[in-house]
Amino acid sequence: PLPPLEDIELPSTSVRGALASYIRTEMLGEFENDLSETVDTKMQNFLSVPVQMEYLIMYGYFICWDGFLDVLTVLPIKCIISITRLAGTLVGARSHKFHRSNMYDLIRGVLVFVCVTLLNRIKIGMLYHWIRSQAMIKLYVLVAIMEVFDKLMCSFGQDALDSLYWNMTRRRTLTAGVVVAVYSIIHCMIMFLHVATVNVAMNSADHALLTLLISGNFAEIKTSVFKKMNEKNLFDLTCADVVERFKLVLFMSLTLILNVFQDGSSKVVREFARMAFYILLSELVADWIKHSFVTRSNEIQSTVYNDYALVIAGDVTGLGHEISNLDHMHAVVKRLGIPQIPLVCIMLRYMMEAARYSRLILEFTKKDLAVSILVIFVVLLLIKIVLGMVLTEISTRKILQAANAQQGEEEEEAAATDKVKAE
């Protein structure tokens, strides 16, 4: 409501008074009013979002590597153990009983083998030149479709594998197996095309496709910033950004390895490093802008990223997933949406292509190649073990620190309440 008329101070109605008031206030800037403290609070929150977000994304990034190495190094060992137990069960040995989890591991191993075999029938060189020969408008549509289906497959994949595990003791095992096989093949093809696109972008002289990939990062800002989001939607968006950054680094690494074996000159490596810097920088800047304005528009505090980290830490340690976990990576892989099997298949296909060039350039024999693969496998297995232990320790500390902080706040509130009652 308006104040009483006698309390309202209106500016002078005379021309001389109005001119003097205008000069004093507008042109000389003689303002003595102060803004609310919330203005500075919002700005501090806006500026702290990129830092908080990067802590969470780096934490999730190494979890993605742990999940990736789990399928690459641990799954083959599980398949060997499962085959041993299957053979023992067939001959009647009771000490090595074949469980449903063993069948699940065998099916995943077969899926990796089938997908790699199918990808091996596609020549990387032919796909590379096919992409380079396309018009830019076709590539723009192709990249857009590929990104949409990639996100859909990431959200669908782990649910399909969980359904397969659940149906293994029921009559719908065949249907669930066919669904998982079709998903794995389609997702592998989409990612194979994505890696080939990155390869063309990194090696093109006109950099037109590189510009297209970089502009795609900023196109995400338009689709996210102007949406109404709550904390759960922001968590899903952050998880998708974690996986996207991991895939981008992995794809560029595979492209670099293949280019080094094809033409290992220092000029190629320097040019690749320059292009990789531009792509990663655009990814970082786009994520910073996107998250900063999403939190600002929806009035979400930057401390929410610490809460997200606690949720992921609970998934890593298995807290709250003691019954539903198939293995120690199951909950966090499902939370982040990491496409483990398709990523491993793409990596193996590119390593096979690099191994073929290594035999031509370095004159490796089959024995040398087998020894190199064995050494690399052992090193990756050790890295996976150490990385898993470190992530588990970090996650446990995060949970304990949060629990101690919450307990301290409750004790302070209880002490303050007792003090008020005593007074």
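Thresholds applied
- Residues numbered from 1 in each chain as written.
- Predicted model: local features only at pLDDT ≥ 70, side-chain atom pairs only at ≥ 80, totals over all residues.
- Heavy atoms only, no water.
- Helix = DSSP H or I, 4+ residues; strand = E, 2+ residues; numbered from the N terminus.
- Buried < 20%, exposed > 50% of the residue type's maximum accessible area, 1.4 Å probe, protein only.
- Contact = heavy atoms within 4.5 Å.
- Disulfide = S-S within 2.5 Å.
- Polar contact = N/O pair within 3.5 Å; in protein donor to acceptor, adjacent residues only side chain to side chain.
- Phe/Tyr/Trp six-rings, centres within 6.5 Å; stacked < 30°, edge-to-face > 60°.
- Lys NZ or Arg CZ within 6 Å of the ring centre and 35° of its normal.
- Salt bridge = Lys/Arg side-chain N within 4 Å of Asp/Glu carboxyl O.
- 1 Å grid on protein atoms, 1.4 Å probe; cavity = no way out; pocket = protein on both sides within 12 Å on 5 of 7 lines; lining within 4 Å.
- Points joined across faces, edges and corners; volume = space filled by probe spheres on them.
- Nonpolar A, V, L, I, M, F, W, Y, C, P; charged D, E, K, R; others polar.
- Expected span 1.5 Å × (residues − 1).
- Patch = residues over 30% accessible without salt bridge, like charges linked within 9 Å, V, L, I, M, F, W, Y side chains within 5 Å.
- Areas by Shrake-Rupley, 256 points an atom, 1.4 Å probe, with all protein chains shown as cover.
- Axes fitted to C-alpha atoms, helices over the stretch in contact; angles between N-to-C directions.
- Parallel < 35°, antiparallel > 145°, perpendicular 65-115°, else oblique.
- Left-handed = near helix turned anticlockwise from the far one by under 90°.

### Side note on the overall build of the chain
Across its full length, the chain holds 13 helices and zero strands. Here the chain, with 423 residues, has 39% of them falling under the buried criterion. Taking contacts inside the chain between residues at least 6 apart in sequence as the whole, the part at least 24 apart equals 83%.

### Re the state of the cysteines
Counted by the stated rule, this structure contains zero disulfides. For the unlinked cysteine Cys-188, the closest cysteine sulfur is that of Cys-115, found at 3.9 Å.

### Things to note about the environment of Ser-302
Structurally, Ser-302 can be placed in the loop between helix H9 (266-297) and helix H10 (304-317). Along the sequence, Ser-302 and Asn-45 sit 257 residues apart, while their C-alpha atoms lie 5.9 Å from each other. Ignoring any residue separated from it by four or fewer positions in sequence, one finds Ser-302 in contact with Asn-45, Ser-48, Val-49 and Gln-52. Of the polar contacts made by the side chain of Ser-302, one reaches the side chain of Ser-48; its length is 3.0 Å.

### What to know about the packing of aromatic side chains
Within this structure, the stated rule accounts for 13 aromatic pairs. With a centroid separation of 6.3 Å and an interplanar angle of 85°, the aromatic rings of Tyr-61 and Trp-65 are classed as edge-to-face. One end of the pair is Tyr-61 and the other is Trp-65, both in helix H2 (residues 37-90) and four residues apart, which spans about a single turn. The exposure class of Trp-65 is partly exposed, given its relative accessible area of 21%. Ring-pair connections join several aromatic residues into one group, and the members of that group are Tyr-61, Phe-62, Trp-65, Phe-68 and Phe-246. Between the NZ or CZ atom of Lys-398 and the centre of the ring of Tyr-59, over which it lies, the distance is 5.2 Å.

### Observations regarding the pattern of salt bridges
Where charged atoms from two side chains of opposite charge approach closely, those side chains can pair. This model, assessed by the stated rule, comprises 15 salt bridges. Between Glu-353 and Arg-349 there is a salt bridge; the shortest N-O distance is 3.2 Å. You can see Glu-353 and its partner Arg-349 sitting in helix H12 (residues 340-361), four residues apart, about one turn around the helix. Here the two residues Glu-353 and Arg-349 agree in accessibility, since each one is buried.

### Overview of the layout of surface pockets
In this structure, the second largest pocket spans a volume of roughly 1100 Å³. As for the second largest pocket, its lining consists of 37 residues, of which Leu-72, Met-347, Leu-348, Met-351 and Ile-373 are closest to the centre. Contributing elements (two or more residues each) for the lining of the second largest pocket: H2, helix H3 (100-120), helix H8 (231-262), H12 and helix H13 (366-422). A per-element tally of the lining of the second largest pocket places H2 first, with nine residues. By residue class, the composition of the lining of the second largest pocket is 30 nonpolar, seven polar and no charged.

### Describing H13
Because an α-helix packs 3.6 residues into every turn, residues spaced three or four apart end up facing the same way. In a regular helix each residue adds 1.5 Å, so 57 residues correspond to 84 Å; H13 covers 83 Å between its end C-alpha atoms and thus fits that length. Of all the positions in H13, only Leu-369, Leu-381, Lys-384, Leu-387, Gly-388, Leu-391 and Ser-395 are classed as buried.

### Let's talk about a nonpolar patch on the surface
Taken together, the side chains of Ile-137, Tyr-140, Val-141, Ile-145, Val-148, Phe-149 and Leu-152 make up a nonpolar region of the molecular surface, amounting to roughly 680 Å² of accessible area. In this fold, Ile-145 is placed in helix H5 (residues 136-166).

### What to know about the packing of helix H6 (residues 173-203) against H8
When two helices pack together, their arrangement is given by the angle between their axes and by how far apart the axes lie. Contact pair H6 / H8: the axes reach a minimum separation of 9 Å and the direction vectors enclose 60°. It follows from the interaxial angle that H6 and H8 lie oblique. Note on packing geometry: the crossing formed by H6 with H8 is right-handed. In this structure, H6 uses Met-191, His-194, Val-195, Val-198, Asn-199, Met-202 and Asn-203 to contact H8, whose residues at the interface are Lys-247, Phe-251, Met-252, Thr-255, Leu-258 and Asn-259.

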